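What follows is the residue order along each chain.
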Amino acid sequence: MRNNHSPAQPGEYKLIELLAVAGAREIQDGEVVFAGTGLPMLAVTLAQKTGAPRASIIYEAGSMDGRPAHLPSSVGDARCEYRASVSSGLFDVFGQLQRGVVDLAFLGGAEIDRYGNVNTTAIGGDYYHPAVRLTGSGGNPDINSLARRTVFIMVQEKRRFKEQVDYVTSPGWRVKKWPGGEWVTRREAFGSAFRGGPVAVITSMAVFRFDEETGEMYLDTVHPGVTVEDVENNVGFDLDVSRCRGETPPPTYHELYLLRNVIDPEGLFLGR
Amino acid sequence: MRNNHSPAQPGEYKLIELLAVAGAREIQDGEVVFAGTGLPMLAVTLAQKTGAPRASIIYEAGSMDGRPAHLPSSVGDARCEYRASVSSGLFDVFGQLQRGVVDLAFLGGAEIDRYGNVNTTAIGGDYYHPAVRLTGSGGNPDINSLARRTVFIMVQEKRRFKEQVDYVTSPGWRVKKWPGGEWVTRREAFGSAFRGGPVAVITSMAVFRFDEETGEMYLDTVHPGVTVEDVENNVGFDLDVSRCRGETPPPTYHELYLLRNVIDPEGLFLGR
Amino acid sequence: MAKKDKRMSIQEAVQLINDGDMITFSGFTIWRRPMAIVYEMVRQRKKNLHLIEVNSGTHGEVLIGAGCVKVLETCWIGHELYGKVGANAARKLKSGELLIEDYSHVHMIMRFAAGAMGVPYLPTRASLGTDILNPQYDVLGKYGLRDGSNPRIPRRKFEFLADPFFGEQGDIIHVPAARPNVCIAHVQQVGDEGTVRVFGQRYSDAEAIKAADKVIVVAEEIVPEEVIRQEPTANLIPHYLVDAVIEQPWGAHPTGCFGYYEVDGQFIRDFYNKTRTQEGFDAWAEEWILKVNSFDEYLYKIGFRRLDTLRANSSYKYSTRVKRGA
Amino acid sequence: MAKKDKRMSIQEAVQLINDGDMITFSGFTIWRRPMAIVYEMVRQRKKNLHLIEVNSGTHGEVLIGAGCVKVLETCWIGHELYGKVGANAARKLKSGELLIEDYSHVHMIMRFAAGAMGVPYLPTRASLGTDILNPQYDVLGKYGLRDGSNPRIPRRKFEFLADPFFGEQGDIIHVPAARPNVCIAHVQQVGDEGTVRVFGQRYSDAEAIKAADKVIVVAEEIVPEEVIRQEPTANLIPHYLVDAVIEQPWGAHPTGCFGYYEVDGQFIRDFYNKTRTQEGFDAWAEEWILKVNSFDEYLYKIGFRRLDTLRANSSYKYSTRVKRGA
């Protein structure tokens, strides 16, 4: 019998709603989460209203555990600090991040490689004269470096899932150790500062995770209506699909209700 | 003809009033002053009400340019931050000090040597088992290190004016450069962080200053009723008295009025 | 040393900024940026500026598009939801007119904290394993600007050290202090002697202001010191660190100002769309900067109705009347 | 990770502290010290504590006099106007029962800032040329405590480096992070989830709390989170950093608490005078700690009249009725 907690059927939800729900399910109750603008905000807010009511959110402009009355449009938005525990600034929140307070990070990226290295800086040409200059790192590498787990949310396209990204903005499971540049494991590069790394990549087609031994990405679930072949055709490297568990669980009617009517009734990220 | 700005006569003022006045006269208008508890508070407050109305005071517990309605009894006192520009904490004010914001510091000490090295840590015995253990440094060496000028206010006794202090808590004009321990000039020890050093020692008997070349203390003025010989008998090293300019100018009636009736009417430091 | 006679016009304040200066700003991405000053800097045709910022945003894009900037040290430039990259920075990077030195967000905030604290560097462990640390991507080094001739430009981009205290494994990164000539800040309130009060998130304002040698503060309101001093724990910056004080309501438009007004997303999106070419930028600047003589005239051109929609609700601290979303 | 069920009794909170722990505190000299907890620590006979504080004061003297402390790392101990040295610390130093490691005020605040920021050290240039830097006066080193066996004790007292970035001359000092097991804080208000609000000067409270692994907060008042969150910029510490929350009015007595009560100078002077010998300390502790079962009983012994005189005027934030001075 269908009830509020039944899964919605294909066509009853948008992709972005599925992504928000998949993100929300990565959050354990009581965790401290560092989130960026957009989908991460939807995911974290949804988690707080479902399985993780005691999760706290830090936004990098300086707010801690706000309880927004209206969805923020930016981490610098006044809406972030509505009923926050503390509102201060970057030095405070990044200090806490470096101190080890943050359990989980939600981040985005333009390109990713099989080890979870992410690029948000420059694509094509050379670094000094790139074909496409992006925003630069922002807090992406810092948050991903210093949280215990990171979840990336991205668009799935072959040109974005690359054998090697053009610039490593944010570190994955195998990285270059500078100033020498030798490839090492993330654990080696970080030494005592190692706390973990990317645990999931949630895309427009699938959810990926990383092998604990090799640090390589594998396919975990495909979104309803997407095939494994579809995913393989949109990844630019050899992808391990052998561990695919099946379909990404779709949103429930209750989750959709919350997203549409409580969390983003203005359609800021969900659209109309 | 005697008026408010005439000098008071011996017997009409207390020693501590003379010291407060001598201290106040070291302050230029508009300066940022870092002051400790007690006499420095009297001196700075008096200066603000006489020749330096635009001087600002930082107290190390975290208040900037307070305008106390009642004299504070401690730099941690709520009275310090009454009508302050900012009240925050140690990290802020010591950061500003290190950044170079502070023009003048007022500090005390238990022992001093000819180069202005001051001890507030331990006297007699050895460092590990001293005959007299004092409070330790507090902010004395930091403030004295990082301000442009320092004025020390102390009791004059032979045992306190020593050839060499038992422990250098606060650096004078010739210091040991650690970890090696070789004696060098203050300028050498501080390198690019050099900004100046002790400019005056105001004691219960006299005002001393330091030779710009040698960094050695010399007698500048003796307080009314004190002779040069009195001072020499209360200094434990050879003192240059050849540059003594005469008497320390006594308080004016106006200054005494301010100290007794406006600044410390409770007799917190002035007594009754 | 406390300073006097701090009140001045925007025109006078901008004259405190010299060509070639290293400059930083208040705010965060598209929030509380000193736009009134930035427009006047374009009018006065400042040149060869070296921007150093934790992150940049719309204000940086205006200065870069206008050709005022030679170097940008930052972790980010864009317009958030209203323009996904810094199109002017990207164009001038490609053409070689602009150098961009990439650091991470933590690197930059630590650089400013070092500047504010008066030390030459701070240690961090953020962003190990990234190309930000790649020595081949030391842009100022590659262009010969790390030769010590400019005392504000550090001789290295990073240094790597080991921890001698706790036996911790792995590199510690030292990032050099940010030491700008000037910080230009837009804040909600300033006392008539210069005491600064910021409402809401303070971003990296304290560090930016304290790291700079000269500080220009534009406020929504100049208020009596005796009032602002009734609650000194709510104040951010003591008056003696401030050199210039200007009252300019709406002075951060189109960026947002907590408690006063919302981001004007539509205006920023229009800027982003129009200024993706140099011709487009020049036309936009002609219309919105060069053909208007003052910030008040700019506000008049935007119009009361639009501004009033952006005005913040006094409880929420943001506008509840602006249309957001789809 | 946010924690729940934080409300507990003073007795329960003190059970979170283990013998041998490294401990730090809120406050400054004789201001806002967590005395209610300190007295209970004496009652529970905590042993071999390693106190690490920017500065110490009356609370430190109580713990040291009671024989709870093995090591004190600080820049200062005394009672300001009410007792010019830390007589118990001086006595136990001389007898060899206590080790005192001297740092300067800036060194200590930077040590806590490093701990709070999660880095192993910070650089400073304060107190060059002093015996604080004399390697022969490295007390923990001399007593063999820097061998790495206690991961919270750094292997060196200081390190000296050169600046590679700006060509600055002279040594930079690296001071090791403070990494206490527990911070015990007395504050004015805490929300029922643990959000901390401090009124007035914040001393080094934020750094002390953030540097510690466990945080015990005693407040004059526990208030609703929904109220304390109406002004988040006025709050100091987010709830998720706090482990234990206790309401204890007057809990900092005889030290002062901005906006709530004055320092009880007469009480501290009496403590100082009576506890300059161990016999004196033991008698004082018997009377004021061991023979009273709780802090409420201690307050009853002090008496309403005296406490009420200490109570702060709501505008001035300090008592205008207490007799000060001669």
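Residues numbered from 1 in each chain as written. Chains lettered and ligands numbered in written order. Predicted model: local features only at pLDDT ≥ 70, side-chain atom pairs only at ≥ 80, totals over all residues. Heavy atoms only, no water.

1. Details of the overall build of chain A
Along the backbone of chain A there are seven helices and 15 strands. Since a compact globule built from 272 residues should have a radius of gyration of about 19 Å, the 18 Å found for chain A is in line with a globular shape. Judged by the C-alpha coordinates and their principal axes, chain A covers about 55 × 45 × 35 Å. For chain A, buried positions account for 66% of its 272 residues. Put simply, 65% of the contacts in chain A that link residues at least 6 apart link residues at least 24 apart. Summing over all exposed atoms, chain A offers an accessible surface of approximately 9,200 Å²; the carbon and sulfur share of this is 49%. Taking the average location of the 28 positive side-chain charges in chain A and that of its 34 negative ones, the two points are 4 Å from each other. (Helix = DSSP H or I, 4+ residues; strand = E, 2+ residues; numbered from the N terminus. Rg over C-alpha atoms; globule rule 2.2 N^0.38 Å. Buried < 20%, exposed > 50% of the residue type's maximum accessible area, 1.4 Å probe, protein only. Contact = heavy atoms within 4.5 Å. Areas by Shrake-Rupley, 256 points an atom, 1.4 Å probe, with all protein chains shown as cover. Lys, Arg positive; Asp, Glu negative; His and termini not counted. Charge placed at Lys NZ, Arg CZ, Asp CG, Glu CD.)

2. Observations concerning the overall build of chain C
Within chain C, the regular secondary structure consists of twelve helices and eleven strands. Relative to its length of 326 residues, chain C is compact, with a C-alpha radius of gyration of 20 Å against a globular reference of 20 Å. Taken along its principal axes, the extent of the C-alpha atoms in chain C is 60 × 50 × 40 Å. For chain C, the computed accessible surface area is about 10,400 Å², with 46% contributed by carbon and sulfur atoms. Across chain C, 41 positive and 41 negative side-chain charges occur, with their mean positions spaced 3 Å apart.

3. Looking at the pattern of salt bridges
As enumerated under the stated definition, the model contains 90 salt bridges over all chains in all. Residue Arg67(B) pairs with Glu193(C) through a salt bridge whose shortest N-O separation is 2.9 Å. Of this pair, Arg67(B) sits in the loop between strand 3 (63-64) and strand 4 (86-87) while Glu193(C) is found in the loop between strand 8 (182-191) and strand 9 (196-197), placing the two residues in two different chains. Arg67(B) gets classed as partly exposed once you look at its relative accessible area, which sits at 39%. We note a salt bridge from Glu168(C) to Arg179(D), for which the minimum N-O separation is 2.7 Å. Placement of the pair is Glu168(C) in the loop between strand 6 (159-161) and strand 7 (172-176) and Arg179(D) in the loop between strand 7 (172-176) and strand 8 (182-191), with the two residues belonging to separate chains. (Salt bridge = Lys/Arg side-chain N within 4 Å of Asp/Glu carboxyl O.)

4. What to know about the interface of chain D and chain B
Contacts between the two partners involve 65 residues from chain D, matched on the other side by 63 residues from chain B. The interface formed by chain D and chain B holds five salt bridges in total. For the salt bridge of Asp77(B) with Arg324(D), the shortest nitrogen-to-oxygen distance reads 3.9 Å. Taken together, the connections running from chain D to chain B amount to 39 residue pairs in polar contact (both at pLDDT 80 or more). Secondary-structure elements contributing two or more residues to the side of chain D that touches chain B are helix 4 (87-95), strand 4 (99-102), helix 5 (105-117) and helix 6 (139-142) of chain D. By residue class, the composition of the side of chain D that touches chain B is 32 nonpolar, 18 polar and 15 charged. (Polar contact = N/O pair within 3.5 Å; in protein donor to acceptor, adjacent residues only side chain to side chain. Nonpolar A, V, L, I, M, F, W, Y, C, P; charged D, E, K, R; others polar.)

5. Focus on the sheet that holds strand 6 (residues 159-161) of chain D
All names here are of chain D. Reading across from one edge, 5-7-6 is the order of the three strands in this open sheet, with antiparallel pairing throughout. Among the strands making up the open sheet, the edge pair consists of strand 5 (121-124) and strand 6. Averaged over neighbouring strand pairs, the angle between their axes works out to 30° when direction is ignored. Here strand 6 pairs with strand 7 via three bridges, running antiparallel. (Pairing = 2+ DSSP bridges. Axes fitted to C-alpha atoms, helices over the stretch in contact; angles between N-to-C directions.)

6. Here's the deal with helix 5 of chain D
Residue and element names in this part refer to chain D. A rise of 1.5 Å per residue sets the reference length of helix 5, with its 13 residues, at 18 Å; its end C-alpha atoms lie 18 Å apart and thus fit the reference within 8%. Of all 13 residues making up helix 5, 13 are buried, and the element is well covered by its neighbours. Gly118 sits one or two positions beyond helix 5 and adopts a positive phi of about 75°. (Expected span 1.5 Å × (residues − 1).)

7. Quick look at the pairing of strand 12 (residues 182-185) of chain A
Regular strands place side chains that alternate from one sheet face to the opposite one. When strand 11 (residues 174-177) of chain A meets strand 12 of chain A, the two strands line up antiparallel, connected through four bridges. Within the sheet, the bridge partner assigned to Lys177(A) lies in strand 12 of chain A and is Glu182(A).

8. So, the sheet that holds strand 4 (residues 86-87) of chain A
Residue and element names in this part refer to chain A. Read from one edge to the other, the open sheet built from nine strands follows the order 4-3-2-1-5-10-13-14-15, with strand pairing classed as mixed. At either margin of the open sheet sits one strand with a lone partner, and together these are strand 4 and strand 15 (217-222). Two strands pair when backbone bridges link them, and strand 5 (residues 104-107) and strand 10 (residues 149-154) are joined in this way by four bridges, in the parallel orientation. Bridging from a neighbouring strand, Phe106 pairs with Val151 of strand 10. The strands touched by helix 1 (residues 15-24) within the sheet are strand 5, strand 10 and strand 13 (197-203), with strand 13 carrying the most contacts at an inclination of about 155°.

9. Some details on the packing of aromatic side chains
One pass over the structure, following the stated rule, counts 50 aromatic pairs over all chains. Judged by centre distance (5.9 Å) and plane angle (20°), the ring pair of Phe91(A) and Phe91(B) falls under stacked. Here Phe91(B) lies in helix 3 (residues 90-99) and Phe91(A) lies in helix 3 (residues 90-99), a pairing that spans two chains. For the residue pair Phe91(A) and Phe91(B), the accessibility class agrees, reading buried in each case. Joined through ring pairs, the aromatic side chains of Tyr39(C), Phe267(C), Phe271(C), Phe281(C), Trp284(C), Trp288(C), Phe295(C) and Tyr298(C) make up one cluster. The side chain of Arg111(D) reaches across the aromatic face of Tyr103(D), ending 4.3 Å from its centre. (Phe/Tyr/Trp six-rings, centres within 6.5 Å; stacked < 30°, edge-to-face > 60°. Lys NZ or Arg CZ within 6 Å of the ring centre and 35° of its normal.)

10. Considering the side chain of Glu26(B)
Residues and elements named next belong to chain B. In this fold, Glu26 is placed in the loop between helix 1 (15-24) and strand 1 (32-35). With a relative accessible area of 12%, Glu26 lands in the buried category. Of the polar contacts made by the side chain of Glu26, one reaches the side chain of Arg209; its length is 2.6 Å. In this view, Glu26 contacts Glu31, Leu104, Phe106, Arg149, Val151, Ala200, Ile202 and Arg209; residues no more than four positions away in its chain are not counted.

11. Some words on the domain arrangement of chain A
Interface size, as often reported, equals the accessible area lost upon joining of the parts. Residues and elements named next belong to chain A. Splitting chain A by domain gives domain 1 (1-102 + 249-272) and domain 2 (107-196 + 221-240). Centre-to-centre, using C-alpha coordinates, domain 1 lies 23 Å away from domain 2. Each partner contributes to the interface: domain 1 provides 18 residues, whereas domain 2 provides twelve residues. Roughly 1,400 Å² is buried in total at the junction of domain 1 and domain 2, and carbon and sulfur atoms are behind 65% of that figure. Our count for the domain 1 to domain 2 interface comes out at one salt bridge. For the interface between domain 1 and domain 2, the tally reads six residue pairs in polar contact (both at pLDDT 80 or more). For the side of domain 1 that touches domain 2, the secondary structure elements donating two or more residues are helix 1 and helix 3. Broken down by element, the residue count for the side of domain 1 that touches domain 2 peaks at four residues, all from helix 3. Among the residues making up the side of domain 1 that touches domain 2, the classes are represented as eleven nonpolar, three polar and four charged. (Domains from an automatic or database assignment. Buried area = accessible area lost by both parts, 1.4 Å probe.)

12. Quick word on unusual backbone geometry
Following Trp178(A), the chain continues into Pro179(A) via a peptide bond in cis, with omega recorded as 15°. Structurally, Pro179(A) can be placed in the loop between strand 11 and strand 12. In this model, His253(D) is joined to Pro254(D) through a cis peptide bond whose omega is 10°. Summarising the element assignment, Pro254(D) is placed in the loop between strand 11 (244-247) and helix 9 (265-274).

13. Description of the pairing of strand 4 of chain D
Residue and element names in this part refer to chain D. The two faces of strand 4 match: Leu99 and Glu101 on one face and Ile100 and Asp102 on the other face are all buried. Bridge count between strand 3 (residues 69-74) and strand 4: four bridges; the pairing is parallel. Each residue of the ladder has a partner; that of Glu73, found in strand 4, is Glu101. Regarding the hand of the β-α-β motif, the stretch spanning strand 3, helix 4 and strand 4 is right-handed. (Right-handed = clockwise from strand over helix to strand, strands pointing away.)

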